[in-house]
Every structure is written in C-alpha cells, then in structure tokens.
Amino acid sequence: MTPRLACLAATQGGVVLRRQAVAHGYSVTEVERLCRAGTWVRIRRGAYVERTLWTVMTAEARHKAIVHAVILSLVEPAVASHVSAGVINGLPTWGYDLSTAHVTRGDLHSPRTEAGVQHHAASLWPDDVIEIGGVAATSPVRTAIDMARLGGFERGVVAADAAFRLSPDDPEALLRCLDRMRDWPGARDAGRVVEFADPRSESVGESRNRVAFELAGLPRPVPQDHIVDPSTGLIVARVDFHFLEHATIGEFDGRQKYRGEAQDGLSAAEVVWREKRREDMLRDLGYEVCRVIWPELDMVGLIRNRFLTAFERASKRRAVLI
C-alpha cells in the first residue's frame, strides 16, 4: 500500500475498502491484481487487508478487522454489538463464535443474518454507545449484558467480570442497563450473570473457576483476598479464592502467571520454589490449599469433591486446636 493508504488502514483495523483504494490512486484492475497475487487478502466484498498483516493477526484482531469492514460498508448506520463489541472493547470472548460479526440497528423491525453479519434489531440509549478506534460500539456494560443474553451463564460471567473492571466507578451501571432490557430475550440469563459478576476476578480462568464453584454448589469465596499473619499483622499472600468459613484457599493455576514471573528473570525452578514457600506459609497459618488447573474447569464433580475434602480437613484441624 502507499504510505497514505497504509496510514488510513491503520486507523481501520488494517482494512481498506476498494473505494478508498481507488480514491488513493489505485485502479479497480490493480486492486484485483493485488488480490490474485496474494499481496492483499479480500476479507469481505470490497474490503482488503495486506497479507503480511493478516497472517500474523490473532482471531480477535481478524474479527476486529471484519467489524471495521462491515461498519464502513453498511449504508444504514449500525453499531458494533454483542461479541463484536466485546472484541472492540477488549473484553474476553472465551467460548464465543468469532466467525460472525454482530451489529445493532435501530432502523430494523426484525433481526436478520446475511453475508456473515448478524443484524440485531434493538433500542440503543445514549450511554449505550461509545466510539473506539473510529468504530461506534456498545459500551462495556451494554456489551456484557448482550453477550450474556447471547452466550449464557459461564461465557457471560467471563465478559461481565471484565466489564465490571472497566467500570469500577459505577457499580450500578449493569443493573440500570439490565432494567431497560428486562423483557428482552435472554434477559433472565443476563440477570443471573449480573448478580454473580465480580470485578475482582482477574482472568478468564478465575472467572470460569468461580462459575465451577457455583455449579458445584460450593459457598462463594472471596476473590483476590489478602491473608494476614495474625502474629505480625503482615500480609502473607494475596490468594485467588478465600473460603472464609472453611479456612481454605483456592488457587487457579494458569500458566500465564508463571510466564509473567519468568519475564522478571526468574527461572522455572525459582518460580516453583516461590509458590511452594508461599503455600507452606499459608498451611502454617492453618489453611488448606487447593489448586485447580484449566483442564479441570469442566470437571465440576472433581472440584466439588476436592474442596469438600479440604473443608473437612480444615474442620478437623480446628477441632483439634480447640
């Protein structure tokens, strides 16, 4: 691309439309030749991304590029919404299908899907719409509710936890938005998600772990709690989950945690040693410590049994101390 066209593409998720290329001096024949040669990738009719960029894009980045192409191409005004707005807002889209773009339009009487785009017919209030990177999209709060209505409890919680973190100064925003949509399809599922969402969950894995605890019928733990040594008053550790009534700590073992520490110059062995020392300190204070790893998040029965056993051990220990 010419430098000016490349600059334009950079503001549009890497996308240029055919009419934009023509306006920057390309002929239609040249555009077609670039596509045939594999230099440009046609991602939608009349929308292109340079192949060198497309090949290194993540699934989310590719979806964002397609959303840019859709919004730029539509004649009627539309707002990126649902999972597409999740991508634009930077919300996690775990479990959602990224092969379809989603937009919400106020001019439609009924929803429809065409050319890989799901057009939702729905009302949008002024505080429901923001602009990010030149794209009109639903706000994190509205997006989280739409994603919950579309994706159900677990996927919705993952998105809503993140949306809560993006709106820490307005904890009632989700409730206000949900109230406007209380008669809409999926609103019951969204209401359950809003009630359960917690900004203290810091990752997809931690959000899913909380859902697994809930589905297992376990009491709700305090996320990201600080454990204090009563003899010194010093914080020993910040733990992923603290079951207050059961003197039990839950930890989600995500590999990214170890990768992050390794970037600070620690070897894998040093990371493991630090984790063991930290866990020993918690046990010395009388806590049971249970870990959950990603492949176990769907094993609700296993998680239930593991933590109930830990609760029982903690109870017996307390009885001996008394």
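Residues numbered from 1 in each chain as written. Predicted model: local features only at pLDDT ≥ 70, side-chain atom pairs only at ≥ 80, totals over all residues. Heavy atoms only, no water.

1. Some details on the confidence of the model for the chain
So, point 1. Confidence in the prediction for the chain averages 88 pLDDT; 91% of positions are at 70 or higher.
So, point 2. Low pLDDT, under 50, characterises residues 256-261; the predicted model gives this stretch eleven contacts beyond four residues in sequence or across chains. (pLDDT = per-residue confidence, 0-100. Contact = heavy atoms within 4.5 Å.)

2. Side note on helix α8 (residues 153-166)
So, point 1. Spanning 14 residues, α8 covers 20 Å between terminal C-alpha atoms, matching the ideal 20 Å at 1.5 Å per step.
So, point 2. Of all 14 residues in α8, ten are buried, a share of seventy percent or more.
So, point 3. Inspection of α8 places F153, G156, V157, V158, A159, A160, D161, A162, A163 and F164 among the buried residues, and these make up the whole buried set.
So, point 4. Residues of α8 that are buried sit in contact with α7 (140-151), α9 (173-180), α10 (187-196) and α11 (204-215). (Helix = DSSP H or I, 4+ residues; strand = E, 2+ residues; numbered from the N terminus. Expected span 1.5 Å × (residues − 1). Buried < 20%, exposed > 50% of the residue type's maximum accessible area, 1.4 Å probe, protein only.)

3. Some points on the side chain of N89
So, point 1. Of note, N89 is situated in helix α6 (residues 82-89).
So, point 2. Polar contacts involving the side chain of N89 include one to the main-chain carbonyl oxygen of T138, which spans 2.9 Å. (Polar contact = N/O pair within 3.5 Å; in protein donor to acceptor, adjacent residues only side chain to side chain.)

4. Considering the sheet that holds strand β11 (residues 234-243)
So, point 1. Read from one edge to the other, the open sheet built from four strands follows the order β10-β11-β12-β13, with strand pairing classed as mixed. Strand pairing shows two members of the sheet lacking a second neighbour, β10 (222-229) and β13 (288-293), which therefore form its edges. The sheet shows a mean angle of 45 degrees between the axes of neighbouring strands, taken without regard to direction.
So, point 2. Note: β11 against strand β12 (residues 248-253), three bridges, orientation antiparallel. Note that in β12 the partner of F241 across the bridge is G250.
So, point 3. Strand contacts of α11: β10, β11, β12 and β13, with the helix running at about 55 degrees to β11, the strand carrying the most contacts. (Pairing = 2+ DSSP bridges. Axes fitted to C-alpha atoms, helices over the stretch in contact; angles between N-to-C directions.)

5. What to know about the nonpolar core
So, point 1. One finds I145, F153, V157, L174 and V193 to be the most contacted residues of the largest nonpolar core, which totals 28 residues.
So, point 2. Looking at this core, the elements that each hand over two or more residues are α6, α7, α8, α9 and α10.
So, point 3. With seven residues, the top contributor of residues to this core is α8.
So, point 4. Those residues within four positions of V193 in sequence are excluded, and the remaining contacts are A148, G152, F153, G156, V157 and A160.
So, point 5. Ranked by size, the runner-up nonpolar core spans 14 residues in total, among them A212, F213, A216 and F241. (Core = buried A, V, L, I, M, F, W, Y, C linked by side-chain atoms within 4.5 Å.)

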